[in-house]
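Close look at the chain arrangement
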Amino acid sequence: MTRFPLRNLRLRPGEEHRERISIELAPLTLGGGVYEPAPTTVDAELVIQRAQSGDVFRLRFATHVEGQCMRCLGPAAVDVAVDAQEYESSDQAAAEELRSEYVHEGELDVGAWAHDQVMLSLPEPILCRPDCASLCPVCGRNLNDEPHEHEEVLADPRWAALEALRGGASDDG
C-alpha cells in the first residue's frame, strides 16, 4: 500500500505541493474475474493544495488493465486514465461529505485511492472488442471465432397437449 505523510507538509492557504510518486496497483476483482494492472507500479502526479478550510488532493496517472472479456471470456485489455480529486476539511467536526475516506492519522492512503479510481474508470462491461459476439447460448462456443446458428429444435410431441392449453389460455385474455 502506498501512503503519503501529510503531517510534514508546511503549506499556507493558497500554496500547493506537487510530487511524482510511484503507486503499487493491486489486482482488481470484478464479477469473479481478476483484472491485472500492467505495469503493477505506475508513476503518478500528486498535488496537494491548502485551502482556507482544508486540503484538496489531486491524483493523475494512466495504466493498462488486462483480464477476460465479460461476454466471451477471451483476453481483454483497456487503457485507463485517472484524474481524481478529494477534499479533507481541517475542521474535525466537519460533516462526513467534507472528509476524505483516504486520510487516516495524518496520512493519505494513495494506494487505496488509486485502486478505487481505476475501478471507477473501467468501462462496463469490459470487452475484447466493441462488437464482441459472446458465447453461443446453445453449445458455448465463442461466436467471435466460430459464427454459427443452430437449427430450431422441434418441441417434444409429449408436450403438445400442454402447448395447446397454453395457446388457448392466451386467446381467452
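As a starting point, this report considers the structure included with it. (Residues numbered from 1 in each chain as written. Predicted model: local features only at pLDDT ≥ 70, side-chain atom pairs only at ≥ 80, totals over all residues. Heavy atoms only, no water.)

1. What to know about the side chain of glutamate 86
- Within the secondary structure, glutamate 86 sits in strand 7 (residues 75–89).
- No salt bridge is formed by the buried glutamate 86. Its closest oppositely charged neighbour is arginine 99, at 10 Å.
- In this view, glutamate 86 contacts Asp55, Val56, Phe57, Ser100, Glu101, Tyr102 and Trp113; residues no more than four positions away in its chain are not counted. (Helix = DSSP H or I, 4+ residues; strand = E, 2+ residues; numbered from the N terminus. Buried < 20%, exposed > 50% of the residue type's maximum accessible area, 1.4 Å probe, protein only. Lys, Arg positive; Asp, Glu negative; His and termini not counted. Salt bridge = Lys/Arg side-chain N within 4 Å of Asp/Glu carboxyl O. Contact = heavy atoms within 4.5 Å.)

2. Considerations on the packing of aromatic side chains
- Counted according to the given criterion, the structure contains one aromatic pair.
- Residues tyrosine 102 and tryptophan 113 carry aromatic rings whose centres are separated by 6.2 Å and whose planes lie at 25° to one another, so their mutual orientation is stacked. In this pair, tyrosine 102 is assigned in the loop between strand 7 and strand 8 (103–104) and tryptophan 113 in helix 1 (residues 110–121), connecting sequence segments 11 residues apart. (Phe/Tyr/Trp six-rings, centres within 6.5 Å; stacked < 30°, edge-to-face > 60°.)

3. Notes on the state of the cysteines
- The full count for this structure, using the stated rule, is zero disulfides.
- The structure places no disulfide on cysteine 128, whose sulfur is separated from the nearest cysteine sulfur, that of cysteine 72, by 3.7 Å.
- We note that cysteine 139 lacks a disulfide partner, and the nearest cysteine sulfur, in cysteine 136, lies 3.6 Å from it. (Disulfide = S-S within 2.5 Å.)

4. Description of the pattern of salt bridges
- Applying the stated criterion to the full structure yields 11 salt bridges.
- Where aspartate 109 meets arginine 3, a salt bridge forms, and the shortest distance between an N and an O atom there is 3.8 Å. Linking aspartate 109 in strand 9 (residues 107–109) with arginine 3 in strand 1 (residues 3–5), this pair joins segments that are 106 residues apart in sequence.
- Given the relative accessible area of 39%, arginine 3 is considered partly exposed.
- With a closest N to O distance of 2.4 Å, aspartate 55 and arginine 50 form a salt bridge.
- Three or more residues are tied together by salt bridges with common partners; here these are Glu16, Arg18, Glu45 and Arg60.

5. Some details on a nonpolar patch on the surface
- Together, Trp159, Leu162 and Leu165 make up a nonpolar patch on the protein surface, roughly 370 Å² of accessible area in all.
- Here tryptophan 159 shows up in the loop between helix 1 and helix 2 (160–172). (Patch = residues over 30% accessible without salt bridge, like charges linked within 9 Å, V, L, I, M, F, W, Y side chains within 5 Å. Areas by Shrake-Rupley, 256 points an atom, 1.4 Å probe, with all protein chains shown as cover.)

6. Some words on the pairing of strand 5 (residues 41–50)
- As defined by bridge partners, strand 2 (residues 16–24) adjoins strand 5 across nine bridges and the pair is classed as antiparallel. In the sheet register, isoleucine 23 faces strand 5, and the bridge partner there is valine 42.
- The sheet contact formed by strand 5 and strand 6 (residues 54–68) spans six bridges and is antiparallel. Counted as the bridge partner of glutamine 49 is valine 56 from strand 6.
- The antiparallel pairing of strand 5 with strand 6 creates a hairpin that spans three residues between the two strands. (Pairing = 2+ DSSP bridges.)

7. Structural notes on the sheet that holds strand 9
- Across the sheet, three strands lie side by side as 1-9-8; this open sheet has antiparallel pairing. What marks the edges here is a single partner per strand, and that holds for strand 1 and strand 8.
- Where strand 1 meets strand 9, three bridges bridge the pair, whose relative direction is antiparallel. Bridge pairing in strand 9 places proline 5 opposite glutamate 107.
- Along the sheet face, helix 1 touches strand 1 and strand 9 and points at about 30° away from the line of strand 9. (Axes fitted to C-alpha atoms, helices over the stretch in contact; angles between N-to-C directions.)

8. Considerations on the pairing of strand 7
- Pairing between strand 6 and strand 7: 15 bridges, direction antiparallel. Looking at strand 7, one finds that aspartate 55 is bridged to glutamate 88.
- Connecting strand 6 to the next strand, strand 7, in antiparallel fashion are six residues, including leucine 73 with a positive phi near 70°.

9. What about helix 1?
- Between the first and last C-alpha of helix 1 there are 16 Å, a value that for 12 residues agrees with the 16 Å anticipated at 1.5 Å per step.
- Taken together, the buried positions of helix 1 are occupied by Val110, Gly111, Trp113, Ala114, Gln117 and Val118. Buried residues of helix 1, viewed axially, fall in a sector of 160°; they line one side. (Expected span 1.5 Å × (residues − 1). Arc of directions from axis to C-beta.)

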